[in-house]
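Here's the letter readout for the chains.
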Amino acid sequence: MTMAGLGGAWAQDNSVTLQLKWVTQAQFAGYYVAQAKGFYDEEGLSVEIKPGGPDIAPEQVIAGGGADVITTWMAAGLAARERGVPLVNIAQPFKSSGLLLTCSKEAGVETTDDFAGKTLGVWFFGNEYPFYAWMAKLGLSTEGGAEGVEVLKQAFNVDPLIQKQAACISTMTYNEYGQVLKAGITPEELTVFNYRDEGVGMLEDGLYVMEDKLADPAFVEKMTKFVRASMKGWAYARDNAEEAAQIVLDNDSTGAMTLEDQLYQMTEVNKLTEGSTGALDEADYQQTVDTLLSAVSPDNPAITKAPEGAFSHVVTDGL
């Protein structure tokens with residue numbers, strides 16, 4: 001083999017393609033920071049970060065060979081696994097969940113007892129599973145009517161609450177909740193339910209790979225380097241929120257968000273990564289599984305049986 005060939009092999013062996021769950025924003029700051037500050041370079045890695053969007057399902061991208069590793073929510077990852085895409089969680093940078101149901105007091109929502117007869121905005125594409133689990137826990141039909149709730153398939157914006165099409169909408173602590181406030185609605189006019197506090201919290205942004213790849217020690221070593229550098233990025237973002245927000249902004253070619261938007265998001269996301277070593281906490285995993293299994297129905301077919309082999313510590317054990 002020529003020296004050029006050796007160089008090519010080295011570059012290939014150390015390249016990582018990461019597919020994000022959503023567009024370039026501070027939700028993914030740890031990865032952009034690790035890239036910008038040279039943490040991946042220090043590990044000898046060449047990392048490509050691919051933004052997501054409304055038409056991109058990370059689970060499909062990795063199944064088709066378009067990524068080595070993806071970020072996704074655990075409910076979506078487990079659902080994909082049960083449907084034949086053998087995803088495995090190798091790390092869990094987000095320790096806490098940020099999903100909220102944000103409701104208008106004017107629409108008559110002060111407690112969960114007020115949901116009946118109301119229209120609630122819900123995100124789909126794998127984000128609906130926590131909602132259906134919660135409604136099942138509350139004993140509320142999702143078919144509408146006076147005793148149930150009407151489900152509005154919500155786009156990834158806050159319009160239904162502003163325009164009074166829904167009494168409640170889905171928001172993330174670090175994104176849409178801030179958009180509601182920016183629209184001129186005050187916190188005092190809102191009732192906010194955190195899924196975690198309601199006992200239906202599920203693990204959000206984790207790192208997932210295809211199961212067969214973990215049989216390759218070289219791949220495991222590469223992922224260990226990737227996770228180690230990424231967690232260094234997340235730690236740097238917590239210590240340097242403004243710089244991290246600027247790094248994210250520099251990587252966003254759409255110009256959709258301002259530095260102020262990214263900094264708000266960074267401050268909130270930092271609360272969710274706080275306390276994570278990168279390793280998945282098995283008790284948190286079990287809560288997600290138990291919540292999903294408590295609400296198996298035609299509406300909520302995330303998983304129908306307890307998953308096997310859905311996570312591995314083989315990568316984080318090497319950190």
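Computed from a predicted structure; not experimentally measured.

A. A look at the overall build of the protein. When its secondary structure is counted, the protein shows 12 helices and 10 strands. Taking 2.2 N^0.38 as the reference for a compact globule, 319 residues should give roughly 20 Å; the C-alpha atoms of the protein span a radius of gyration of 20 Å, in line with that estimate. Overall, the protein is about 75 × 45 × 30 Å in size when its C-alpha atoms are taken along their principal axes. Counting the 319 residues in the protein, one finds 53% classified as buried. Long-range pairs, those at least 24 residues apart, make up 78% of the contacts in the protein between residues at least 6 apart in sequence. Surface accessibility of the protein: about 13600 Å² in total, with carbon and sulfur atoms responsible for 51%. Across the protein, the centroid of the 21 positively charged side chains sits 2 Å from that of the 45 negatively charged ones.

B. Seen up close, the confidence of the model for the protein. Confidence in the prediction for the protein averages 94 pLDDT; 96% of positions are at 70 or higher. The low-confidence segment residues 1-11, where pLDDT is below 50, has 2 contacts with residues more than four positions distant or belonging to other chains.

C. Structural context of the packing of helix α10 (residues 241-251) against helix α11 (residues 259-273). Axis separation between α10 and α11 bottoms out at 8 Å; the angle between their running directions is 125°. Between α10 and α11, the angle falls in the class oblique. The handedness of the crossing between α10 and α11 is right-handed. Within the contact between the two elements, α10 uses A241, E242, A244, A245, Q246, V248 and L249 and α11 uses L259, Q262, L263, M266 and N270. Here the contact of α10 with α11 is built from residues that sort into 8 nonpolar, 3 polar and 1 charged.

D. Seen up close, unusual backbone geometry. Even without being glycine, F125 reaches a positive phi, approximately 60°. Relative accessible area serves as the criterion here: at 67%, F125 is assigned to the exposed category. Within the chain, K164 stands out as a residue other than glycine whose phi angle is a positive 60°. As for its placement among the helices and strands, K164 is situated in the loop between α7 (159-162) and β8 (168-172).

E. Seen up close, the state of the cysteines. Per the counting criterion, the structure on display carries 1 disulfide. Covalent S-S linkage joins C103 and C168, the inter-sulfur distance amounting to 2.2 Å. Here the disulfide of C103 and C168 is right-handed, its torsion about the S-S bond being about 110°. Of the two residues, C103 sits in strand β5 (residues 99-104) while C168 sits in strand β8, which places them 65 residues apart along the sequence. The exposure class of C168 is buried, given its relative accessible area of 0%.

F. Fine view of the pattern of salt bridges. Going through the model one piece at a time under the given rule, you end up with 11 salt bridges. Of the charged contacts in the structure, one is a salt bridge between D281 and K95, with a shortest N-O distance of 3.2 Å. With D281 in the loop between α11 and α12 (282-293) and K95 in the loop between β4 (87-91) and β5, this pair connects stretches of sequence that are 186 residues apart. Overall, D281 belongs to the partly exposed group, its relative accessible area being 31%. Exposure remark for K95: the relative accessible area of 31% places this residue in the partly exposed category. In the salt-bridge network here, residues are joined through shared partners; they are K95, D281 and D284.

G. Seen up close, the pairing of strand β7 (residues 150-153). Here strand β6 (residues 119-122) runs beside β7; their pairing, made up of 4 bridges, is parallel. Among the inter-strand pairings, G121 is bridged to a residue of β7, identified as L152.

H. The sheet that holds strand β3 (residues 69-72), seen in detail. Spatially, β2-β1-β3-β10-β4 is the arrangement adopted by the 5 strands of the open sheet, whose pairing is mixed. Two strands in the sheet have a free side with no partner beyond their single neighbour: β2 (46-50) and β4. Across the sheet, the axes of successive neighbouring strands diverge by a mean angle of 30°, strand direction being ignored. In this structure, β4 lies alongside strand β10 (residues 206-210), joined through 4 bridges in antiparallel fashion. Bridge assignment links N89 to a residue of β10, and that residue is Y208. Against the sheet, helix α2 (residues 29-36) touches β1 (15-19), β2, β3 and β10, its axis set at about 145° to β2.

I. Region of the structure containing the side chain of E176. Note that E176 resides in helix α8 (residues 176-182). One buried charge, E176, has no salt-bridge partner; the nearest side chain with opposite charge is K21, at 11 Å. Not counting chain neighbours up to four residues away, the residues in contact with E176 comprise W123, V158, S170 and T171.

J. A look at the nonpolar core. Counting 64 residues, the largest nonpolar core has Y31, F115 and F226 as its most contacted members. Per-element tally for this core: the top contributor is helix α9 (residues 217-239), with 9 residues. When near neighbours in sequence (up to four residues on either side) are disregarded, Y31 contacts L18, L20, Y40, I49, T71, P93, L207, F226, S230 and W234. Membership of the second largest hydrophobic core comes to 25 residues, among which are A80, L203, Y285 and A302.

About the criteria used
Residues numbered from 1 in each chain as written. Predicted model: local features only at pLDDT ≥ 70, side-chain atom pairs only at ≥ 80, totals over all residues. Heavy atoms only, no water. Helix = DSSP H or I, 4+ residues; strand = E, 2+ residues; numbered from the N terminus. Rg over C-alpha atoms; globule rule 2.2 N^0.38 Å. Buried < 20%, exposed > 50% of the residue type's maximum accessible area, 1.4 Å probe, protein only. Contact = heavy atoms within 4.5 Å. Areas by Shrake-Rupley, 256 points an atom, 1.4 Å probe, with all protein chains shown as cover. Lys, Arg positive; Asp, Glu negative; His and termini not counted. Charge placed at Lys NZ, Arg CZ, Asp CG, Glu CD. pLDDT = per-residue confidence, 0-100. Axes fitted to C-alpha atoms, helices over the stretch in contact; angles between N-to-C directions. Parallel < 35°, antiparallel > 145°, perpendicular 65-115°, else oblique. Left-handed = near helix turned anticlockwise from the far one by under 90°. Nonpolar A, V, L, I, M, F, W, Y, C, P; charged D, E, K, R; others polar. Disulfide = S-S within 2.5 Å. Salt bridge = Lys/Arg side-chain N within 4 Å of Asp/Glu carboxyl O. Pairing = 2+ DSSP bridges. Core = buried A, V, L, I, M, F, W, Y, C linked by side-chain atoms within 4.5 Å.

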